[in-house]
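# Commentary on secondary and tertiary structure
Given next are the chains, with one letter for each unit.
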Amino acid sequence: MHAVLEYTYADDYLESRGQYRADHLRAGWEAVERGELLLGGAIGEGPFKGLLIFTGENPLEAAKAFAAADPYVINGVVTSWSASPWTTVLGNEAATPVHP
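The text that follows walks through the structure, step by step, so that each part is easy to find.

How each quantity is defined
- Numbers given for residues are sequential positions, taken from 1 along each chain in its written order.
- Given that the model is predicted, a residue must reach a pLDDT of at least 70 before its local features are reported, and side-chain atom pairs must reach 80 or more before they are shown or counted; all residues, however, enter totals for whole chains, interfaces and linings.
- Values shown for side chains rest on all heavy atoms present in the structure; no hydrogens or waters enter the calculation.
- Runs of H or I in DSSP of at least four residues are treated as helices and runs of E of at least two as strands, each being numbered from the N terminus.
- Note on method: radius of gyration uses C-alpha positions; expected globular size equals 2.2 Å times residues raised to 0.38.
- Buried Ala, Val, Leu, Ile, Met, Phe, Trp, Tyr and Cys residues form a nonpolar core when they are joined through side-chain atoms within 4.5 Å.
- For every residue, the accessible area (1.4 Å probe, protein chains only) is compared with the maximum for its type, and the residue is labelled buried under 20%, exposed over 50%, or partly exposed between those bounds.
- Note on definitions: a residue-residue contact is assigned when non-hydrogen atoms from the two residues lie within 4.5 Å.

## Some thoughts on the overall build of the chain
Along the backbone of the chain there are 4 helices and 4 strands. Written out in order from the N terminus, the α and β elements of the chain read β-α-α-β-β-α-α-β. In terms of overall dimensions, the chain is globule-like: its C-alpha atoms have a radius of gyration of 14 Å, near the 13 Å expected for 100 residues. If you line up the chain on its principal axes, its C-alpha atoms span 45 × 30 × 15 Å.

## Regarding the nonpolar core
Leu5, Tyr7, Tyr9, Leu52, Phe54, Phe66 and Tyr72 are the most contacted members of the largest nonpolar core, which has 19 residues in total. Counting only elements with at least two residues in this core, the list comes to β1 (2-9), β3 (49-54), α3 (59-69) and β4 (78-86). Of all the elements, α3 adds the most residues to this core, at 5 residues. When sequence neighbours within four positions are dropped, the list of residues in contact with Tyr7 reads His24, Phe48, Lys49, Gly50, Leu52, Phe66, Ala67, Asp70, Val73, Val78, Ser80 and Trp81.

If you want it as structure tokens, here you go:
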């Protein structure tokens, strides 16, 4: 299983993230090095949303722990977040591959 962490950013995201960005990115790269985080980044127009894809032994708990400690969340750059399990079935990295 994988997990998806979705962020909704404040309207002033591009301005407000500056002082927290280095710590946010550092935390992300540390999660990558631990083998928990596969990909992360901003999506859409704005951007006012972010997606982070987690893996490992307990990806949902890793996603929740990441959000709870993320400087963007703690300091209001992220206005809301949700973490959801993601049953991946297609692709080389799928947790539960399904073939026809």
